[in-house]
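# Breakdown of the fold
So you can see what is in the structure, the chains are spelled out below.
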Amino acid sequence: MEYNPIKKVVSGNYAAAYAALHARVQVVAAYPITPQTSIIEKIAEFIANGEADIQYIPVESEHSAMAACIGASATGARVFTATSAQGLALMHEMLHWAAGSRLPIVMVNVNRAMAPPWSVWDDQTDSLSQRDTGWMQFYAENNQEVYDGVLMAYKVAETVNIPTMIIESAFILSHTYEVVNMIPQELVDEFLPPRKPLYTLTDFENPIAVGALATPADYYEFRYKIAKAHEEAKKVIKSVGKEFGERFGRDYSKMIETGYIEDADFVFMGMGSLMGTVKEAVDLLRKEGYKVGYAKVRWFRPFPKEELLEIAESVKGIAVLDRNFSFGQEGILFTEAKGALYNTGVRPIMKDYIVGLGGRDFTVRDVKAIAEDMKKVVESGKLDKEIEWYHLKR
Amino acid sequence: MEIPEEVKKRLTIPFEENFFAGHTACQGCGASLGLRYVLKAYGRKTIVVIPACCSTIIAGPWPYSALNANLFHTAFATTGAVISGIEAGLKALGYKVKGEDGIMVVGWAGDGGTADIGLQALSGFIERGHDAVYIMYDNEAYMNTGIQRSSSTPYGAWTTNTPGGKRHLLEKRHKKKVIDIVIAHRIPYAATASVAYPEDFIRKLKKAQKIPGPSFIQLFAPCPTGWRAPTDKSIEIARLAVQTAYFPLFEYENGKYKINMPNPKKEPKPIEEFLKLQGRFKYMTKEDVEALQKWVLEEWERLKKLAEVFG
């Protein structure tokens, strides 16, 4: 069957819900939180209309949402959930549990700022705070990437038995409508066959115990296996991304998407929807003669060190755009990128711009202003300061 | 010893053994006895979920397991949620869950993991009506972490964080009636049980298996280590808990209460008989004992009235 996309105008949240439907998820356990709610509402609608045969558990908290997903996934079922900010933080303990139990749960997290003060707007600190839980993280730039991301996530997660978070921006994607090219069910089924679990709880002839106490003589190797699975995941992500491109025309074989990199003096590096703005701005800056490019980090975990090195080798500077902050240090992507390059000896000049926290507007004009600043840094070869709180009211 | 098949069939406690020697429980442990009965009642076609509790350790470290059934270890607060998820997963995959020939999904959690940190997940599990059995084995404190009080610890008990001492810092709150909270959900089936009455416990487990929807059993499980009691007195202590009406055995089924033990028409034994075998109560003053006795009898009267009105 030839691929003729089904075009639908949907929000990022509906794109996520359709992807879950097309991935034939079998169990959904979720708890409401703005701005995630419409994902689960849409799935409930699919069930109510008879479009999907899903066991749906309306749990009493996010901690229980992830716990129920873990139980369901341990039986061998394909499981989906979604959350945001405070909900994700409440899940934290169970995120470790899901990864430690090697369960390929896929979750959409709608990036939202952590309180207090209360905020429902876009900010990446919620998901980046879950960096060390053992989950893979994919940051979507637009609604199409939300849809594609969920479908690819199942294939990758179920290959390496590591749970995966697909991350979209509050409101900027979650509640904004765009055309999304969806894939006919038969073709999704060809791309994403039913799950083959690492283990199940239903073989009663050969009972197992999952998650039993491991003494210091054994725990270490359990961790090493997860580390290896993340390394393996890099290869799987690239091959699945390539296959996706061959089947459906949208290539995801690169963990970092780049543009104008060949002759760029410096690149903007960032994640998520703000990179859409950056791409728009870079097109304009190029017309104005700026030698700039962009590097959109799609996968934050596993971290694409090797691809970052290739980029770093070809530019003089990297302007990192962090819609997040680690108190007492700096933007989180900035730390990661610097750390990844340290031992390579390849060290373009790098500056960290803290932008858009708590949903502060980040526009093409802002990118241009940062380009102006970064140009001076690159030309002079001198870093005036490492961290720029770009929007600060003065 | 070979036992003839026809004899095995007539046993009130199933002969089949699915909880094996080699587990790491203390001597006289009520919880391990309870888990043994659960697996006798339900057999191998069972998925047991164990949160952080003594049984995490008792079941054995990787790569061992004392259970001849599938076992999923989970985090402290999550028993109710994980059994909900397992039930949903099994149904999504087309398995029959609960009932005579279905897969049994069993949550096996301590009193801390049920009455305290796991209460919310327990409530969610019952309210949503999942086909699973939740068993709270009640040893009346956080025993696995070293005997700290829980909301299920009785009035007057010594624990490591209610140590007595000059200021008489004993547990000063009465035991939380978790089963009342469970019944407030109008659950299809709830019961109390005791390791001192295994036939009653097995009967209740079987009933919990047959009745669709969620079931809850609160199992009284002495802990000689934490109760500062001789290891050969566990059953005697558990029996006295029932005979003093400190821990009466009853069932709640289809909105009706039924008292099993002790006999509601007779005076229960005085609470001292239950207290005196256990070192944990040795710091209680006369007034403390009176306060506990008063509470026990008030609660007993209350239960009897419930059984009269909703019997």
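Residues numbered from 1 in each chain as written. Chains lettered and ligands numbered in written order. Predicted model: local features only at pLDDT ≥ 70, side-chain atom pairs only at ≥ 80, totals over all residues. Heavy atoms only, no water.

## A few points about the sheet that holds strand S15 (residues 349-354) of chain A
Each strand in a sheet pairs with its neighbour through backbone hydrogen bonds, running either in the same direction (parallel) or in the opposite one (antiparallel). Residues and elements named next belong to chain A. Ordered by their spatial adjacency, 6 strands build an open sheet running S10-S12-S11-S14-S15-S16, and the pairing between neighbours is mixed. One side of each edge strand has no neighbouring strand; the edge strands of this open sheet are strand S10 (256-259) and strand S16 (387-389). Neighbouring strand axes in the sheet, compared pairwise and without regard to direction, differ in orientation by 20 degrees on average. Two elements, strand S11 (residues 266-270) and strand S12 (residues 292-297), share 5 bridges in a ladder whose sense is parallel. (Pairing = 2+ DSSP bridges. Helix = DSSP H or I, 4+ residues; strand = E, 2+ residues; numbered from the N terminus. Axes fitted to C-alpha atoms, helices over the stretch in contact; angles between N-to-C directions.)

## What to know about the pairing of strand S2 (residues 70-73) of chain B
Residues of S2(B) alternate between two faces, with Asn70(B) and Phe72(B) on one and Leu71(B) and His73(B) on the opposite face, all of them buried. One ladder, built from 2 bridges, connects strand S9 (residues 209-210) of chain A with S2(B); its direction is parallel. By the bridge assignment for S2(B), Ala209(A) is matched with Leu71(B). (Buried < 20%, exposed > 50% of the residue type's maximum accessible area, 1.4 Å probe, protein only.)

## Quick word on the interface of chain B and chain A
Each partner contributes to the interface: chain B provides 38 residues, whereas chain A provides 40 residues. Carbon and sulfur atoms make up 67% of the surface buried where chain B meets chain A, a total of about 3100 Å² over both sides. Contact with chain A buries surface across chain B, with Trp62(B), Asn70(B) and Phe72(B) losing the most and accounting together for 22% of the total. Between the two partners, chain B and chain A, sit 1 salt bridge. When the shortest N-O distance is used, the salt bridge between Glu60(A) and Arg128(B) registers 2.8 Å. Between the two partners, chain B and chain A, sit 14 residue pairs in polar contact (both at pLDDT 80 or more). Where the side of chain B that touches chain A is concerned, the elements lending two or more residues are strand S1 (46-50), S2, helix H4 (79-92) and helix H6 (119-128) of chain B. (Contact = heavy atoms within 4.5 Å. Buried area = accessible area lost by both parts, 1.4 Å probe. Salt bridge = Lys/Arg side-chain N within 4 Å of Asp/Glu carboxyl O. Polar contact = N/O pair within 3.5 Å; in protein donor to acceptor, adjacent residues only side chain to side chain.)

## Observations regarding the domain arrangement of chain A
Residue and element names in this part refer to chain A. What the domain assignment reports for chain A is domain 1 (6-248) and domain 2 (256-389). Carbon and sulfur atoms make up 57% of the surface buried where domain 1 meets domain 2, a total of about 2300 Å² over both sides. When the area that domain 1 buries against domain 2 is broken down by residue, the three leading residues are Gln124, Arg131 and Glu141, summing to 25%. Counting every contact that joins domain 1 to domain 2 gives 8 salt bridges. When the shortest N-O distance is used, the salt bridge between Lys296 and Glu145 registers 2.6 Å. Put simply, the parts of the chain that give the side of domain 1 that touches domain 2 at least two residues each are helix H5 (125-128), strand S6 (136-139), strand S7 (164-169) and helix H8 (219-248). Ranked by residue count, the leading element in the side of domain 1 that touches domain 2 is H8, at 5 residues. Of the residues belonging to the side of domain 1 that touches domain 2, the class tally is 12 nonpolar, 7 polar and 7 charged. (Domains from an automatic or database assignment. Nonpolar A, V, L, I, M, F, W, Y, C, P; charged D, E, K, R; others polar.)

## As for the packing of aromatic side chains
All names here are of chain A. Per the stated rule, a full pass over the model turns up 28 aromatic pairs over all chains. Grouped by ring-pair contacts, the aromatic residues Tyr3, Phe138, Phe191, Phe244, Phe248, Tyr252 and Trp299 constitute a single cluster. The aromatic ring of Phe191 is capped on one face by Lys155, whose charged end is 4.6 Å from the ring centroid. It is Arg301 that lies over the ring of Phe300; its NZ or CZ is 4.9 Å from the centre. (Phe/Tyr/Trp six-rings, centres within 6.5 Å; stacked < 30°, edge-to-face > 60°. Lys NZ or Arg CZ within 6 Å of the ring centre and 35° of its normal.)

## Some words on the state of the cysteines
What makes a disulfide is a covalent bond joining the sulfur atoms belonging to two cysteines. A full pass over the atoms with the stated rule returns 0 disulfides over all chains. With no disulfide partner, Cys54(B) has as its closest neighbouring cysteine sulfur the one in Cys223(B), 6.1 Å distant. (Disulfide = S-S within 2.5 Å.)

## Some thoughts on the pattern of salt bridges
On inspection of all chains with the given rule, the structure shows 55 salt bridges over all chains. For Lys368(A), the salt bridge goes to Glu288(A), with nearest N and O atoms at 3.0 Å. Of this pair, Lys368(A) sits in helix H12 (residues 364-380) while Glu288(A) sits in the loop between helix H9 (274-287) and S12, placing them 80 residues apart in sequence. Residue Glu290(B) pairs with Lys286(B) through a salt bridge whose shortest N-O separation is 3.2 Å. Here the residue Glu290(B) and the residue Lys286(B) both occupy positions in helix H12 (residues 286-309), the gap between them amounting to 4 residues, near one helical turn. What makes Glu290(B) partly exposed here is its relative accessible area of 43%. For Lys286(B), a relative accessible area of 60% corresponds to the exposed category.

## Description of the sheet that holds S2(B)
In space, the 9 strands of this open sheet follow the order S9(A)-S2(B)-S1(B)-S3(B)-S4(B)-S6(B)-S5(B)-S7(B)-S8(B), with mixed pairing throughout. Each having just a single partner strand, S9 of chain A together with strand S8 (256-261) of chain B make up the two edges of the open sheet. Relative to S2(B), S1(B) runs parallel, the two being bridged by 4 bridges. The partner of Ile47(B) across the bridge, within S2(B), is Asn70(B).

## Regarding H12(B)
Residues and elements named next belong to chain B. The end-to-end C-alpha separation of H12 is 35 Å, in line with the 34 Å expected for 24 residues at 1.5 Å each. Among all positions of H12, only Asp288, Val289, Leu292, Gln293, Trp295, Val296, Trp300, Leu303, Lys304, Leu306 and Ala307 are buried. On the buried face of H12, the contacting elements are strand S7 (249-253), S8 and helix H11 (271-275). (Expected span 1.5 Å × (residues − 1).)

## What about the environment of Lys206(B)?
Residue and element names in this part refer to chain B. Examined against the element boundaries, Lys206 turns out to sit in helix H8 (residues 198-210). Overall, the relative accessible area of 31% leaves Lys206 in the partly exposed class. C-alpha separation for the pair Lys206 and Glu236, spaced 30 residues apart in sequence, amounts to 25 Å.

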